[in-house]
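Listed below are the residues making up each chain.
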Amino acid sequence: MFNKKAFPPENTSVTSIGMTGQELQVRELIQSESISFSFQQVFMLTDCRYIVDFFLDKRIIMECASTSMFKYQIPLRKKAIHLEAKISHIKEHYPTLLVWVLFETHRPILETFFQTLVRLMPSVDQIFLSQDELREAFQATFGVKL
């Protein structure tokens, strides 16, 4: 299904240069749970290429987004629209891949806005609002211990 040359070695070592604080935390979480992954995985399609934050176990795309803005709805809505365009295009070529997105803010995301994010991203399989939720999903999906 995948061209092996397109994928870097598992658990690719990268420096924290170019990583957001959130990506660094998620990478540490993934590593602590011993899940195989690549960081900034490139998906080459016929007309373009996309880079995803994490590619877990060669079956799950993991994207991260956060904002420190008090009014988080506008930046997260824009990010959701951008991610949907990217993910829907990737899924046209790789329909069996799962896609997870982690949205984090300094304030709780209200349920009504969460439902807006779900509607804006129909190609996304799972949306998480905290790293604790993500850790639980790792346990359920990969059988890792908390």
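See above for the structure.
Given the structure is predicted, the values throughout are model-derived calculations rather than measurements.

S.K.: Account for the pattern of salt bridges, naming residues and giving values.
M.R.: Enumeration according to the criterion identifies four salt bridges in this entry. Among the ionic pairs, D57 bridges to R59, the shortest N-O distance being 2.7 Å. A residue is classified by how much of its surface remains accessible, and D57, at 32% relative accessible area, is partly exposed. A salt bridge links D125 to K91; the shortest N-O distance between them is 2.8 Å. Taken together, the residues span a long stretch of sequence, with D125 in the loop between α3 (111-120) and β5 (126-128) and K91 in helix α2 (residues 73-93) at a distance of 34 residues. A relative accessible area of 37% places D125 in the partly exposed class.

S.K.: Outline the packing of aromatic side chains, listing residues and values.
M.R.: The tally for this structure, following the rule as stated, stands at eight aromatic pairs. Where W100 meets F128, the ring centres are 5.3 Å apart and the plane angle is 70°; that geometry is what we call edge-to-face. Of this pair, W100 sits in strand β4 (residues 98-105) while F128 is found in strand β5, placing the two residues 28 residues apart along the sequence. What makes W100 buried here is its relative accessible area of 5%. An aromatic cluster is built from W100, F128, F138 and F142, whose rings are joined through pairwise contacts.

What counts and what doesn't
Residues numbered from 1 in each chain as written. Predicted model: local features only at pLDDT ≥ 70, side-chain atom pairs only at ≥ 80, totals over all residues. Heavy atoms only, no water. Salt bridge = Lys/Arg side-chain N within 4 Å of Asp/Glu carboxyl O. Buried < 20%, exposed > 50% of the residue type's maximum accessible area, 1.4 Å probe, protein only. Helix = DSSP H or I, 4+ residues; strand = E, 2+ residues; numbered from the N terminus. Phe/Tyr/Trp six-rings, centres within 6.5 Å; stacked < 30°, edge-to-face > 60°.

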